[in-house]
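One letter stands for each residue in the lines below.
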Amino acid sequence: MQVNKKILISEIIGLIFCLAMSFVFHFAYEWLNKTQAIAWLFATNESVWEHSKIIFYPYFIYSIIEFFILKPNIKVYLTAKSIPLILSIPVMITLFYTYSGIIGKNFLAIDIAIAVLIIIAKFIISYKILIKGYFSKYWYLYISISIFILIFLIIYTYFPPHINLFYDKTKDIYGINIYNLS
């Protein structure tokens, strides 16, 4: 029972950390004078893809920190953390395009609510897996997919495909312009 309480406290702290850091990760690129070397880490524009960074990186970072705090079974922990990490971006994209497609435009309040709900869901899923001690025999595959997502987040920051997912209609750009380094 004591272990479950420690996990619950850690997950609540993680939830608060990720909610706060999602705000920071949204604006940090601007705050840091659009430094190209760190663009891979922070949202660089208002495209849907760039916003996936604000739900991915804080959770990823906290998961690394939390591992050293909890010292859990590695297979259970990697299962618990990678499943929500993998699902969060496709769910965010699906929810955004579904509601904005139905309504005909997007609303900031709904966009924020989607991000908050996804972050909360990540920690609920993670907590349930951790307290049950469940691990998938495919845990290594989940980690591999998480790493591929991380790689795609980095690559597509600098070299985004020219499709709507990567398009920032407010600035009329895709990604960042690596040829115009500031």
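Cut-off values and rules
- Residues numbered from 1 in each chain as written.
- Predicted model: local features only at pLDDT ≥ 70, side-chain atom pairs only at ≥ 80, totals over all residues.
- Heavy atoms only, no water.
- Helix = DSSP H or I, 4+ residues; strand = E, 2+ residues; numbered from the N terminus.
- Buried < 20%, exposed > 50% of the residue type's maximum accessible area, 1.4 Å probe, protein only.
- Contact = heavy atoms within 4.5 Å.
- Areas by Shrake-Rupley, 256 points an atom, 1.4 Å probe, with all protein chains shown as cover.
- Lys, Arg positive; Asp, Glu negative; His and termini not counted.
- Charge placed at Lys NZ, Arg CZ, Asp CG, Glu CD.
- Core = buried A, V, L, I, M, F, W, Y, C linked by side-chain atoms within 4.5 Å.
- Salt bridge = Lys/Arg side-chain N within 4 Å of Asp/Glu carboxyl O.
- Patch = residues over 30% accessible without salt bridge, like charges linked within 9 Å, V, L, I, M, F, W, Y side chains within 5 Å.
- Polar contact = N/O pair within 3.5 Å; in protein donor to acceptor, adjacent residues only side chain to side chain.

(A) Representation of the overall build of the protein within the structure. Of the regular secondary structure elements, the protein holds five helices and two strands. Element order for the protein, N to C, with α for helix and β for strand: α-α-α-α-α-β-β. Judged by the C-alpha coordinates and their principal axes, the protein covers about 55 × 35 × 30 Å. Taking all 182 residues of the protein together, the buried fraction comes to 41%. In the protein, the proportion of contacts linking residues at least 24 apart, taken out of those at least 6 apart, comes to 70%. Summing over all exposed atoms, the protein offers an accessible surface of approximately 10200 Å²; the carbon and sulfur share of this is 74%. Within the protein, the 8 negative side-chain charges are centred at a point lying 14 Å from the centre of the 14 positive side-chain charges.

(B) Examining the environment of Ile65 more closely. Mapped onto the elements of the fold, Ile65 is located in helix H2 (residues 48-70). A C-alpha to C-alpha distance of 18 Å links Ile65 and Ile125, two positions 60 residues apart in sequence.

(C) The arrangement of the nonpolar core in detail. Formed by 35 residues in total, the largest nonpolar core has its most connected members in Ile55, Phe56, Tyr57, Ile89, Met92 and Leu153. Elements with a minimum of two residues in this core: helix H1 (2-31), H2, helix H3 (74-103), helix H4 (108-132) and helix H5 (139-158). Here the element with the most residues in this core is H2; it accounts for eight residues. Ignoring sequence-local partners within four residues, the contact set of Phe56 consists of Leu85, Ile89, Lys122, Ser146, Ile149, Leu150 and Leu153. By size, the runner-up hydrophobic cluster in this structure holds eight residues, among which are Ile7, Leu70, Ala80 and Ile129.

(D) A look at the side chain of Lys81. Looking at the secondary structure, you find Lys81 in helix H3. Taking the relative accessible area as the measure of exposure, Lys81 reaches 5% and is therefore buried. Contact partners of Lys81, with chain neighbours within four places excluded, come to Glu11, Tyr59, Ser63, Glu66, Phe123, Ser126 and Leu130.

(E) Fine view of the pattern of salt bridges. Here the structure, examined in full by the defined rule, presents five salt bridges. For Lys81, the salt bridge is made with Glu11, and the minimal N-O distance between the two is 2.9 Å. With Lys81 in helix H3 and Glu11 in helix H1, this residue pair connects regions lying 70 residues apart in the sequence. Across the pair, exposure class does not vary: Lys81 and Glu11 are buried alike. Look at the salt bridges and you will find they share partners, linking Glu11, Glu66 and Lys81 into a network.

(F) Fine view of a nonpolar patch on the surface. Taken together, the side chains of Ile147, Phe148, Ile151, Phe152, Ile155 and Phe159 present a nonpolar region at the surface, about 560 Å² in accessible area. Examined against the element boundaries, Phe152 turns out to sit in helix H5.

(G) View of the environment of Ser82. With respect to the secondary-structure elements, Ser82 resides in helix H3. Those residues in contact with Ser82 that sit more than four places away from it in its chain are Tyr142, Ile143 and Ser146. Of note is the side chain of Ser82, whose polar atom sits 2.5 Å from the backbone oxygen of Leu78.

(H) Expanded view of the side chain of Ser47. Examined against the element boundaries, Ser47 turns out to sit in the loop between H1 and H2. Separated by 3.1 Å, the side chain of Ser47 and the backbone nitrogen of Glu50 make a polar contact. Discounting chain neighbours no more than four positions away, the residues touching Ser47 are Leu165, Phe166, Tyr167 and Asp168.

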